[in-house]
Amino acid sequence: MNLHASSLFFVLVFLAAAGTGLASVTVATALHEFRGCAVREFSFVAQKPGCRGLKITTEACWGRCHTWEKPVPDPPYIHRHHRVCTYARMRHASARLPGCRADVSPLYHYPVALHCHCAACSTQDTECETF
């Protein structure tokens, strides 16, 4: 599968939010053609200093939301409408990382998406540096 900018954005939303969502994209859907916001299975390697990594599979938000910008004559000279695919509802889950040093907690917390939607970017649960 080719990785596109939208896939990278999905990863950033997931890693920042650590939440859960429901409303899945079926395997038959061509992801590069998908428009909207949905829950999708996502796997990553959980890591923290002093422990070995652990592969975790969870549900995360993924999709493309309507966004636009238009110039205006007054400062700040642009009107923006940026929405991102993010968690509407989530739960938190935990996993125990293997091989942790005695002074390091083996608990790793991450989000599980229950429902996703298009919304304004919030730094509470999403990387918003480009907005």
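What counts as what
- Residues numbered from 1 in each chain as written.
- Predicted model: local features only at pLDDT ≥ 70, side-chain atom pairs only at ≥ 80, totals over all residues.
- Heavy atoms only, no water.
- Helix = DSSP H or I, 4+ residues; strand = E, 2+ residues; numbered from the N terminus.
- Buried < 20%, exposed > 50% of the residue type's maximum accessible area, 1.4 Å probe, protein only.
- Contact = heavy atoms within 4.5 Å.
- Areas by Shrake-Rupley, 256 points an atom, 1.4 Å probe, with all protein chains shown as cover.
- Polar contact = N/O pair within 3.5 Å; in protein donor to acceptor, adjacent residues only side chain to side chain.
- pLDDT = per-residue confidence, 0-100.
- Disulfide = S-S within 2.5 Å.
- Phe/Tyr/Trp six-rings, centres within 6.5 Å; stacked < 30°, edge-to-face > 60°.
- Lys NZ or Arg CZ within 6 Å of the ring centre and 35° of its normal.

## Regarding the overall build of the protein chain
1) Next: Within the protein chain one finds one helix and six strands.
2) Next: The order of α-helices and β-strands along the protein chain, N terminus first, is α-β-β-β-β-β-β.
3) Next: Counting all 131 residues of the protein chain, 36% fall into the buried class.
4) Next: In the protein chain, once contacts between residues fewer than 6 apart in sequence are set aside, the share between residues at least 24 apart is 66%.
5) Next: Total accessible area computed for the protein chain in this model is approximately 8,300 Å², and 55% of it derives from carbon and sulfur atoms.

## Details of the side chain of Thr58
1) Next: Tracing the backbone through its elements, the reader meets Thr58 in strand S2 (residues 54-64).
2) Next: At a separation of 3.3 Å, a polar atom in the side chain of Thr58 contacts the main-chain carbonyl oxygen of Pro111.

## Regarding the confidence of the model for the protein chain
1) Next: Here the protein chain averages 77 in pLDDT, and 73% of its residues register 70 or above.
2) Next: The low-confidence segment residues 1-28, where pLDDT is below 50, has 81 contacts with residues more than four positions distant or belonging to other chains.

## As for the state of the cysteines
1) Next: All told, the structure shown has four disulfides when counted by the stated rule.
2) Next: The side chain of Cys51 participates in a disulfide bridge whose partner is Cys100; the two sulfur atoms lie 2.0 Å from each other. Sign of the S-S torsion, about 115 degrees for the bond between Cys51 and Cys100, identifies this disulfide as right-handed. Taken as a pair, Cys51 in the loop between strand S1 (36-46) and S2 and Cys100 in the loop between strand S5 (84-96) and strand S6 (107-119) lie far apart in primary sequence, 49 residues in all.
3) Next: In this model, Cys61 is linked to Cys116 through a disulfide, with the two sulfur atoms separated by 2.1 Å. The sign of the -85 degrees torsion about the S-S bond sets the Cys61-Cys116 disulfide as left-handed. Here Cys116 lies in strand S6 and Cys61 lies in strand S2, a separation of 55 residues in the sequence. For the residue pair Cys61 and Cys116, the accessibility class agrees, reading buried in each case.

## Some words on unusual backbone geometry
1) Next: Residue Pro75 is joined to Pro76 through a cis peptide bond whose omega torsion reads 5 degrees.
2) Next: Summarising the element assignment, Pro76 is placed in the loop between strand S3 (68-71) and strand S4 (78-81).
3) Next: For Tyr77, which is not a glycine, the phi torsion comes out positive at approximately 70 degrees.
4) Next: Assignment of secondary structure puts Tyr77 in the loop between S3 and S4.

## Some details on the packing of aromatic side chains
1) Next: In total, this model carries four aromatic pairs according to the counting rule given.
2) Next: A ring pair is formed by Phe44 and Tyr110, whose centres lie 6.2 Å apart and whose planes are at 70 degrees; its orientation type is edge-to-face. Note that Phe44 is positioned in strand S1 and Tyr110 in strand S6, a separation of 66 residues in sequence.
3) Next: Given a relative accessible area of 11%, Tyr110 falls into the buried group.
4) Next: Within the aromatic cluster, the residues linked to one another by ring pairs are Phe42, Phe44, Tyr108 and Tyr110.
5) Next: Here Arg40 stacks its cationic end above the ring of Trp62, 5.3 Å away from the centre of that ring.

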